[in-house]
Amino acid sequence: QVQLVESGGGGAQAGGSLRLSCAASGSIFSINAMGWYRQAPGNQRELVATIISGGDTNYADSVKGRFTIWRDSAKNTVYLQMNSLKPEDTAVYYCNLKYRASNRYQYAVWGQGTQVTVSS
């Protein structure tokens with residue numbers, strides 16, 4: 001069973017910074033992609049940033065230039081550095097893992113979410 005443990009959420013002032021981390025553990029043969037999504041009240045869950053196995057990254061336009069995603073492959077951990085935070089970044093942030101198990105099937109797992117609140 002694969003689990004994701006998220007940490008690093010909390011509160012920040014506008015213009016401030018936070019760093020999120022997400023560690024994956026369990027029976028993972030290989031990782032296809034890891035990423036962060038967020039969901040604000042009344043809104044659908046949306047992509048924030050993803051990183052694929054080759055290292056390529058993808059960002060939502062709203063966070064480009066402010067957020068950075070990277071991965072520590074040895075620890076199966078993905079990080080999201082969030083700078084120049086804005087009140088509209090307030091949301092629950094979810095980690096997502098797409099991996100291949102030893103049976104060669106591909107699966108996706110979500111973390112339980114971590115709250116990020118940015119005050120003006």
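The structure displayed is predicted, hence computed values, not measured ones. (Residues numbered from 1 in each chain as written. Predicted model: local features only at pLDDT ≥ 70, side-chain atom pairs only at ≥ 80, totals over all residues. Heavy atoms only, no water.)

Caption draft 1: Geometry of the pairing of strand β11 (residues 114-119). Side chains Thr114, Val116 and Val118 project from β11 onto a buried face, and the interleaved Gln115, Thr117 and Ser119 project onto a face without burial. Here strand β2 (residues 10-13) pairs with β11 via 4 bridges, running parallel. The partner of glutamine 13 across the bridge, within β11, is serine 119. (Buried < 20%, exposed > 50% of the residue type's maximum accessible area, 1.4 Å probe, protein only. Helix = DSSP H or I, 4+ residues; strand = E, 2+ residues; numbered from the N terminus. Pairing = 2+ DSSP bridges.)

Caption draft 2: Seen up close, the pattern of salt bridges. If you walk through the whole model with that rule in mind, you get 4 salt bridges. Close ionic contact of arginine 38 with glutamate 46 constitutes a salt bridge, the shortest N to O distance being 2.7 Å. The class for arginine 38 is buried, based on a relative accessible area of 5%. In this structure, the salt-bridge partner of aspartate 61 is lysine 64, at a minimum N-O distance of 3.1 Å. (Salt bridge = Lys/Arg side-chain N within 4 Å of Asp/Glu carboxyl O.)

Caption draft 3: Molecular detail of the side chain of threonine 50. Structurally, threonine 50 is set in strand β5 (residues 46-52). Threonine 50 gets classed as buried once you look at its relative accessible area, which sits at 15%. For threonine 50, the contacting residues outside a window of four places in its chain are Met34, Gly35, Tyr37, Asp56, Thr57, Asn58 and Ile69. (Contact = heavy atoms within 4.5 Å.)

Caption draft 4: Summary view of the state of the cysteines. Under the defined criterion, the tally for this structure stands at 1 disulfide. Paired by a disulfide, cysteine 22 and cysteine 95 hold their sulfur atoms 2.1 Å apart. Judged by the sign of its S-S torsion, about -85°, the bond between cysteine 22 and cysteine 95 is left-handed. Highlighted residues: cysteine 22 in strand β3 (residues 18-25) and cysteine 95 in strand β9 (residues 91-100), separated in sequence by 73 residues. Here cysteine 22 falls in the buried class, since its relative accessible area comes to 0%. By relative accessible area, which is 0% here, cysteine 95 ends up buried. (Disulfide = S-S within 2.5 Å.)

Caption draft 5: Up close: the nonpolar core. Among the nonpolar cores identified, the biggest contains 33 residues, and Met34, Trp36, Leu80, Met82, Tyr93 and Leu97 are the most heavily contacted of them. Mapped by element, the contributors of at least two residues to this core are β3, β4 (30-39), β5, β7 (67-72), β8 (77-82), β9 and β11. A per-element tally of this core places β9 first, with 5 residues. (Core = buried A, V, L, I, M, F, W, Y, C linked by side-chain atoms within 4.5 Å.)

Caption draft 6: Main features of the environment of aspartate 56. If you trace the backbone, aspartate 56 turns up in the loop between β5 and β6 (57-59). Considered as a pair, aspartate 56 and tryptophan 70 are 14 residues apart in the sequence and their alpha carbons are 9.5 Å apart. When sequence neighbours within four positions are dropped, the list of residues in contact with aspartate 56 reads Thr50 and Ile51.

Caption draft 7: Looking closely at the sheet that holds β3. Reading across from one edge, β1-β3-β8-β7 is the order of the 4 strands in this open sheet, with antiparallel pairing throughout. Looking along the sheet, the strands with just one partner apiece sit at the ends: β1 (3-7) and β7. Across the sheet, the axes of successive neighbouring strands diverge by a mean angle of 15°, strand direction being ignored. Note that β3 and β8 share 6 bridges and pair antiparallel. Across the sheet, residue alanine 23 finds its bridge partner in β8, namely threonine 77. (Axes fitted to C-alpha atoms, helices over the stretch in contact; angles between N-to-C directions.)

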